[in-house]
Amino acid sequence: MKLVCHIGTPKTASTFLQNTVVENRDWFGRNGVIYPDLMSPIPNHITLFYAASEHIHDFAREHGLKSREDVLHFRKKMNKTISDQIAQAPANVHTMLISSENLTGNLHGPESIQNLGDILKPHFDDIRIVVYLRRQDDAILSMYGEYMRKGFNGMSFPEFVEACLGRPSPTPYLYYRRLLSTWIDIFGKDALDVRLFDRDRLAGGDILRDFLTAVLGPDRPDTSGIRPAAADNTGLAAPVLEFLHRMYPYIPRRRNDALNMDRVRLSDRIDALPATPRPRMAPEQSQRIMDHFRPANTWLRETFFPDCDGAVFPDRAPGDGDSNMGQISIAQFAEYAGRLFT
């Protein structure tokens, strides 16, 4: 059986793609593709990250994995689950599709990726690794929104940018040479299907159509019967992010080394806060970020896009230059507090 392993990266519509596949499981099944249940009801196969990682992440602890022994036992269960899913697949099935942006967002280091290879390789004749890469300035801006929405930390946006450009970085997967070199070492360069999260570079200018091409090939069957999932993870407004930044000391994600249930109870209300005006950084900040990643992006073009005329992520055209990050009025703060707590 063939495996298509979609590994993100974060903030490249992974949740939308996962939800769409789950909502259209019958269509995929009729076309020879299964999307397995890997010991979790959620569409994201995050449990693969738990099983492969050398480090016990907070997410894994929240799943009940507390020790090295827990992880090793979980890894054995994962192997059996994959084997069972293959054995129980209908006769027409030729491909298993798995998807988790945590395999790039949180699975770090060659040992962990080797563990993933050791889990997957015995089960499949052919493994294809699908990865979407986004220009780093957009990815950092989007990930900052995720950090504020989930309460991962209380950094201001300038502090977050500095952290992303430093070591250790909260977004190490944006160093594309470092990221992809490890996957090449474990799975081989020919196994990687590297795609750019850019409307002008996606098949048909659409992420779902591009993803279906990656999974099923250019001669994919008629996809008109697929119902796209509702948009998700669309992000929050710039003043909302500043509000959550200032509120972080009072509602962090974790408190006393455990998940903060007060934050959990507020999560739906946080997600419902306004989505506009969209966050926007200043052009000079964008240019500084892209200059920082230029060597890695040059390697990316030379290694995977040798026919690309120019940079894979071109410099932006000059804009009006105004950033709206770090700004919130008293009226906006009062409005968001009222939505959150009343």
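Here's what I pulled together on the structure shown here. Every chain begins its residue count from 1, and numbering advances along the sequence as written. pLDDT decides what is reported in this predicted model: residues at 70 or higher carry local features, side-chain atom pairs at 80 or more are listed and counted, and totals for whole chains, interfaces and linings draw on all residues regardless. Side-chain measures here rest on the full set of heavy atoms in the structure, leaving out hydrogens and waters.

1. Comments concerning the overall build of the protein
Strands are runs of DSSP state E lasting at least two residues, helices are runs of H or I lasting at least four, and both sets are numbered from the N terminus onward. Regarding its fold elements, the protein presents 16 helices and 7 strands. At 21 Å, the protein has a C-alpha radius of gyration in line with the 20 Å of a compact globule built from 342 residues. A principal-axis box enclosing the C-alpha atoms of the protein has dimensions of 60 × 50 × 40 Å. Residues classed as buried in the protein amount to 52% of the 342 residues present. Radius of gyration here uses only the C-alpha atoms, and the compact-globule reference equals 2.2 Å multiplied by the residue count raised to the power 0.38. Each residue's exposure class comes from its accessible area (1.4 Å probe, protein chains only) as a fraction of the maximum for that residue type: buried when under 20%, exposed when over 50%, partly exposed otherwise.

2. Some words on the packing of aromatic side chains
In this scheme Phe, Tyr and Trp rings, the latter by its six-membered ring, pair at centre separations within 6.5 Å, and the angle between planes marks the pair as stacked below 30 degrees, edge-to-face above 60, and tilted otherwise. The full count for this structure, using the stated rule, is 13 aromatic pairs. Members of the aromatic cluster, connected to one another through ring pairs, are Phe59, Tyr144, Tyr147, Phe152, Phe157 and Phe160. Only Lys NZ and Arg CZ are tested; either one counts as a charge over a ring when it is within 6 Å of the ring centre and within 35 degrees of the ring normal. Its end group placed over the ring of Phe304, Lys189 keeps NZ or CZ at 5.1 Å from the ring centre. One cation-aromatic arrangement involves Arg201 over Phe305; the distance from NZ or CZ to the ring centre is 5.7 Å.

3. A look at the pattern of salt bridges
What counts as a salt bridge is simple: a side-chain nitrogen of Lys or Arg found within 4 Å of a carboxyl oxygen of Asp or Glu. Under the counting rule described, the total for this entry stands at 22 salt bridges. Between Glu146 and Lys150 there is a salt bridge whose closest N-O contact spans 3.2 Å. In this pair, Glu146 and Lys150 both sit in helix 8 (residues 136-150), 4 residues apart, roughly one turn of the helix. For Glu146, a relative accessible area of 11% corresponds to the buried category. In this structure, Arg195 engages Asp193 in a salt bridge whose closest nitrogen and oxygen atoms are separated by 3.1 Å. Summarising the burial analysis for this pair, Arg195 and Asp193 share the class buried. One salt-bridge network, held together by shared partners, links Lys11, Glu146, Arg149, Lys150 and Asp271.

4. Side note on unusual backbone geometry
In this structure, Thr9 follows Gly8 across a cis peptide bond, with omega equal to 10°. On the secondary structure map, Thr9 appears in the loop between strand 1 (2-6) and helix 1 (14-23). Put simply, Arg167 and Pro168 share a cis peptide bond, and its omega is -5°. Considering the arrangement of structural elements, one finds Pro168 in the loop between helix 9 (157-165) and helix 10 (176-187). In this structure, Ala13 is a non-glycine residue whose phi angle is positive, near 70°. Locating Ala13 in the fold gives a position in the loop between strand 1 and helix 1. On the basis of relative accessible area, Ala13 is assigned to the partly exposed category, the value being 24%. The backbone of Asn256 sits at a positive phi, close to 55°, despite the residue not being glycine.

5. Things to note about the packing of helix 8 against helix 13 (residues 261-271)
The angle between two axes is taken between their N-to-C directions and runs from 0 to 180 degrees, where each axis is a line fitted to C-alpha atoms and a helix contributes only its stretch in contact. It is the contact of helix 8 with helix 13, at a shortest axis distance of 9 Å, that shows an interaxial angle of 130°. With respect to their mutual orientation, helix 8 and helix 13 come out oblique. Two secondary-structure elements touch here, helix 8 through Met148, Arg149 and Lys150 and helix 13 through Arg263, Ile270 and Asp271. The classification used treats Ala, Val, Leu, Ile, Met, Phe, Trp, Tyr, Cys and Pro as nonpolar, Asp, Glu, Lys and Arg as charged, and all other residues, Gly among them, as polar. In terms of residue class, the contact of helix 8 with helix 13 is made up of 2 nonpolar, no polar and 4 charged. Working rule for angles: under 35 degrees goes down as roughly parallel, over 145 as roughly antiparallel, 65 to 115 as roughly perpendicular, anything else as oblique. Note on definitions: a residue-residue contact is assigned when non-hydrogen atoms from the two residues lie within 4.5 Å.

6. Looking at helix 11 (residues 207-216)
Burial analysis of helix 11 places 8 of its 10 residues in the buried class, which makes it a mostly covered element. Residues of helix 11 that are buried include every one of Ile207, Leu208, Asp210, Phe211, Leu212, Thr213, Ala214 and Val215, and no others. Summarising the contacts, the buried residues of helix 11 are in contact with strand 1, helix 1, helix 2 (25-30), strand 3 (95-99), strand 4 (126-133) and strand 5 (192-196). Any pair of N or O atoms that falls within 3.5 Å is considered a polar contact. Within protein, one atom must be able to donate a hydrogen and the other to accept it, and sequence-neighbouring residues count only if both atoms are side-chain atoms. Measuring from the side-chain oxygen of the N-cap residue of helix 11 to the backbone nitrogen of Leu208 gives 3.1 Å; that N-cap residue is Asp206.

7. Overview of the nonpolar core
Side-chain atoms within 4.5 Å link the members of a nonpolar core, which is a set of buried Ala, Val, Leu, Ile, Met, Phe, Trp, Tyr and Cys residues. Counting 87 residues, the largest nonpolar core has Leu120, Ile140, Leu180, Trp183 and Leu300 as the members making the most contacts within it. Residues in contact with Leu180, not counting those within four places in the same chain, are Val131, Leu133, Leu192, Val194, Trp299, Leu300 and Phe304. In this structure, Val4, Val21, Tyr35 and Leu97 belong to the second largest nonpolar core, which totals 20 residues.

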